[in-house]
Amino acid sequence: MVPEGMHILLNFSYFDVESDTFCDYDSLSVYSKDDRLVGRFCGVDSPLPILVGSNGIKLKFVSDNKASGTGFSMVYRALSPDALPDSGCGSLAVLFEDGVIQSMNYPEPYNNLADCHWIIHAPENHVIKLAYEYFQIEENEDCSYDSVTVYEDVTREEEIARSCGFAVPAPVLSTSSMMLIIFHSDETETFGGFRATFSFINVADLNISDSNNEAALPEGLDTTTEIPDDICGVPSNQPRFLFSRIMGGEEAVPFSWPWQVSIQISAEHICGGAALTKEWVVTAAHCFNYKEQYRDLWMVVAGLHDITEQEHSQRRSVKQYIVHQDFNAITMDSDIALLQLTEPLEFNHYVRPVCLPEKDEVVQPSRVCTTTGWGTHNEDREKSNKLQQLEVPILVSEACQNYYINHPSKVTHQMLCAGFPLEEGKDSCTGDSGGPLVCPSEDSGFYTLSGLISWGFGCGRKNYPGVYTNVAVFIDWINHYINNTGKAQGFPNYSNVQDNS
């Protein structure tokens, strides 16, 4: 033990313990004070110095009755936590508290032939978020020269991310309570290195949860098993959130949002939408402003992640378009439309329906939901090729109305407001229109379609959060057409509509 608030550095001056691949015979094991294994060592090569990010450790030396070595010698000393950031470059750093890691000499160039290791242990029922603040690592196509590599465990079997170059990488989130980070450099060029913070997140705050819904997953069912067609709102691959945004983009885990569709004219993405059934897709009414002349060219494409790749896609032409009869292109009230497909979709791992909310179901303010799309990264750039995702909190309706108090479009009960009004750059944008805003239920594994991307002022502008069609208001209208297909009306007259797609 060392004084509270200090950490322990072990230095080995001599090491000779019977060798074995897995150290099953003779070994020295190092444990944290809460009995988590830091490392088990044997052989004749002295281990790297071990920096343990707590004020207590336990050592356990065992030997059998067969071959033996001459033992080991080591010293320990107390270090201030301030010594931690580049400690992994002079030792094996094992860290148990939120903190910072960085390359040696940061922000000056790192050394050639660097080989730095950090093992991070989160508390039970927590995962680890690694967020880069600075990044300048020699760049090459496969990051084989210099790199920062993140693994799920010390065996290095599960690589989470490998990064190099001069763009700050997206944050990295573990799926367990352990993370191994290795910084490696070769013998040639060096640059400014990296600095990153790591923090612990309770798994209860990372709900992969989901919808409203009357359909519950059968016992033992998960996303690796065959999911019945009538089960809605189930991600095909587990979503992972790294706390980024659509505009400026965080790429979604491929096919984690299988209800997302692309609505296209002549193979050009125009709007997003969501699959409700094999024959019906819902989107925003304003996507069809001034586009009646293209009615025969509209296509719905499901099963996409990279919009330029078609391997798992299903393309369907549109049998009929049903824009809500009360849609107002000026106020954006009733901004919802249904598309009936000429041929049913085939539900599989890549294409699945989303759940609808209950009629007039209320999404509580501060609830964190997810919006997805292939929209532009900002107001002046091209659309994304790969599906982007953004977690956004639902905002209090009255507060949202205040942000748009001088805007012709008022926020009504038919709308939801969500986003980060005090931050710039976090919003859906042009090309995301009509795409889904889905909310996880608090007690199941389903996602509910709570909103459709509708309107806002600009893209990600401060004090102008995103506004979404409140789907729960339109449940009767949706069910009327889905359950009475023959009664659907034809293509409406758009003479007074403006194009906001």
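In this text, all values refer to a predicted model and were calculated from it rather than measured experimentally. (Residues numbered from 1 in each chain as written. Predicted model: local features only at pLDDT ≥ 70, side-chain atom pairs only at ≥ 80, totals over all residues. Heavy atoms only, no water.)

Visitor: For this particular structure, what's the right way to read the overall build of the protein chain?
Guide: When its secondary structure is counted, the protein chain shows 2 helices and 28 strands. Evaluated residue by residue, the protein chain yields a buried proportion of 53% over its 501 residues. Within the protein chain, counting contacts between residues at least 6 apart in sequence, those at least 24 apart form 75% of the total. Taken as a whole, the protein chain presents about 22,500 Å² of accessible surface, with 47% of it coming from carbon and sulfur. (Helix = DSSP H or I, 4+ residues; strand = E, 2+ residues; numbered from the N terminus. Buried < 20%, exposed > 50% of the residue type's maximum accessible area, 1.4 Å probe, protein only. Contact = heavy atoms within 4.5 Å. Areas by Shrake-Rupley, 256 points an atom, 1.4 Å probe, with all protein chains shown as cover.)

Visitor: Any chance you could explain the pattern of salt bridges here in plain terms?
Guide: If charged atoms from side chains of opposite charge come close, those side chains can pair. This structure, assessed with the given rule, holds 2 salt bridges. Among the salt bridges present, the one from glutamate 133 reaches arginine 195, with a minimum N-O distance of 3.2 Å. Residue glutamate 133 is located in strand E10 (residues 126–136), and its partner arginine 195 is located in strand E15 (residues 193–202); the two are separated by 62 residues in the primary sequence. Glutamate 133 sits in the partly exposed class, given a relative accessible area of 47%. Salt-bridge contacts for lysine 359 lead to aspartate 476; the nearest nitrogen and oxygen are separated by 2.8 Å. Within this pair, whereas lysine 359 is found in the loop between strand E22 (337–341) and strand E23 (368–373), its partner aspartate 476 is found in helix H2 (residues 475–483), the two being separated by 117 residues in sequence. A residue is classified by how much of its surface remains accessible, and aspartate 476, at 44% relative accessible area, is partly exposed. (Salt bridge = Lys/Arg side-chain N within 4 Å of Asp/Glu carboxyl O.)

Visitor: What is the right way to read the state of the cysteines from this model?
Guide: In total, this model carries 5 disulfides according to the counting rule given. A sulfur-sulfur separation of 2.0 Å characterises the disulfide bridge that pairs cysteine 369 with cysteine 439. One disulfide, between cysteine 369 and cysteine 439, carries an S-S torsion of 100 degrees and so falls in the right-handed class. Highlighted residues: cysteine 369 in strand E23 and cysteine 439 in strand E26 (residues 436–440), separated in sequence by 70 residues. The same class applies to cysteine 369 as to cysteine 439, namely buried. (Disulfide = S-S within 2.5 Å.)

Visitor: Explanation requested: the sheet that holds strand E9 (residues 115–121) in the structure shown.
Guide: Two orientations exist for strands paired in a sheet by backbone hydrogen bonds: parallel and antiparallel. Strand order across the open sheet formed by 8 strands is E6-E1-E4-E7-E9-E14-E11-E12, with mixed pairing between neighbours. Edge positions in the sheet fall to strand E6 (71–79) and strand E12 (159–163), since each of these pairs with one other strand and no more. For this sheet, the mean inter-axis angle between neighbouring strands, taken without regard to orientation, is 15 degrees. As paired strands, strand E1 (residues 7–16) and E6 are joined by 9 bridges and run antiparallel to one another. Among the inter-strand pairings, aspartate 16 is bridged to a residue of E6, identified as glycine 71. (Pairing = 2+ DSSP bridges. Axes fitted to C-alpha atoms, helices over the stretch in contact; angles between N-to-C directions.)

Visitor: Looking at this model, I keep getting lost on the side chain of glutamate 138. Mind explaining?
Guide: Relative to the assigned elements, glutamate 138 resides in the loop between E10 and strand E11 (147–151). Within the buried core, glutamate 138 has no salt-bridge partner, and the shortest N-O distance to an opposite charge, that of arginine 162, equals 12 Å. (Lys, Arg positive; Asp, Glu negative; His and termini not counted.)

Visitor: Honestly, H2 in this entry has me stumped. Any pointers?
Guide: Spacing of three or four residues puts side chains on the same side of an α-helix, whose turn is 3.6 residues. Among the residues of H2, Ile475, Trp477, Ile478, Tyr481 and Ile482 are the ones counted as buried. Summarising the axial view, the buried residues of H2 lie within an arc of 165 degrees, below the 170-degree limit, and thus occupy one face. Summarising the contacts, the buried residues of H2 are in contact with strand E19 (280–283), strand E21 (314–323) and E22. (Arc of directions from axis to C-beta.)

Visitor: How should I be thinking about the environment of aspartate 153 in this particular structure?
Guide: In this fold, aspartate 153 is placed in the loop between E11 and E12. Residue classification places aspartate 153 among the partly exposed residues on the basis of a relative accessible area of 23%. Spatially, the C-alpha atom of aspartate 153 lies 5.7 Å from that of methionine 179, the residues being 26 residues apart in sequence. Apart from residues lying up to four places away in sequence, aspartate 153 is in contact with Met178 and Leu180.

Visitor: Please explain unusual backbone geometry as it appears in this structure.
Guide: Note: most peptide bonds trans; most residues except glycine with negative phi. Residue proline 107 follows tyrosine 106 across a cis peptide bond; omega there is 5 degrees. Relative to the assigned elements, proline 107 resides in the loop between strand E8 (99–102) and E9. Phi is positive for phenylalanine 255, close to 65 degrees, though the residue is something other than glycine. Mapped onto the secondary structure, phenylalanine 255 falls in the loop between strand E16 (250–251) and strand E17 (260–265).

Visitor: Just to check I follow, could you spell out the nonpolar core for this structure?
Guide: One broad trend across soluble globular proteins is that nonpolar side chains are buried collectively. By size, the foremost hydrophobic cluster in this structure holds 34 residues, and its most contacted members are Phe288, Trp298, Val300 and Leu339. Elements supplying a minimum of two residues to this core: E17, strand E18 (268–275), strand E20 (298–302), E21, E22 and strand E25 (415–418). If you look at the next biggest cluster of nonpolar residues, it comprises 31 residues, including Tyr110, Cys116, Leu130 and Val148. (Core = buried A, V, L, I, M, F, W, Y, C linked by side-chain atoms within 4.5 Å.)

Visitor: Just checking my understanding: could you explain the packing of aromatic side chains for this structure?
Guide: Centre-to-centre distance and the angle between the planes together describe a pair of aromatic rings. Throughout the structure, instances matching the rule amount to 19 aromatic pairs. Ring geometry for tryptophan 118 and phenylalanine 194: centres 5.9 Å apart, planes at 85 degrees, overall edge-to-face. With tryptophan 118 in strand E9 and phenylalanine 194 in strand E15, the pair connects residues that are 76 residues apart, well separated along the chain. The same class applies to tryptophan 118 and to phenylalanine 194, which are both buried. Members of the aromatic cluster, joined through ring pairs, are Tyr110, Trp118, Tyr132, Phe135, Phe183 and Phe194. (Phe/Tyr/Trp six-rings, centres within 6.5 Å; stacked < 30°, edge-to-face > 60°.)

Visitor: It is not clear to me how the sheet that holds E18 should be interpreted in this structure. Could you clarify?
Guide: Judged by pairing direction, the barrel is antiparallel, and its 6 strands sit side by side in the order E17-E18-E19-E22-E21-E20 before closing back on the first. Put simply, the sheet's adjacent strands are angled 45 degrees from each other on average, direction ignored. Strand direction decides the pairing type here: E18 and E19, joined by 2 bridges, are antiparallel. Bridging from a neighbouring strand, alanine 274 pairs with valine 282 of E19. Contacts from H2 reach E19, E21 and E22, with the element oriented near 15 degrees to E22.

Visitor: How do you make sense of the confidence of the model for the protein chain when you look at a structure like this?
Guide: Interpreting fine coordinate detail is not advised for predicted regions of low pLDDT. For the protein chain, the mean per-residue pLDDT works out to 79, and 79% of the residues sit at or above 70. Confidence drops under pLDDT 50 across residues 207–221; counting only partners more than four residues distant or on other chains, this segment forms 52 contacts. Segment residues 243–248: pLDDT under 50, and 34 contacts once partners within four positions in sequence are set aside and those in other chains are kept. (pLDDT = per-residue confidence, 0-100.)

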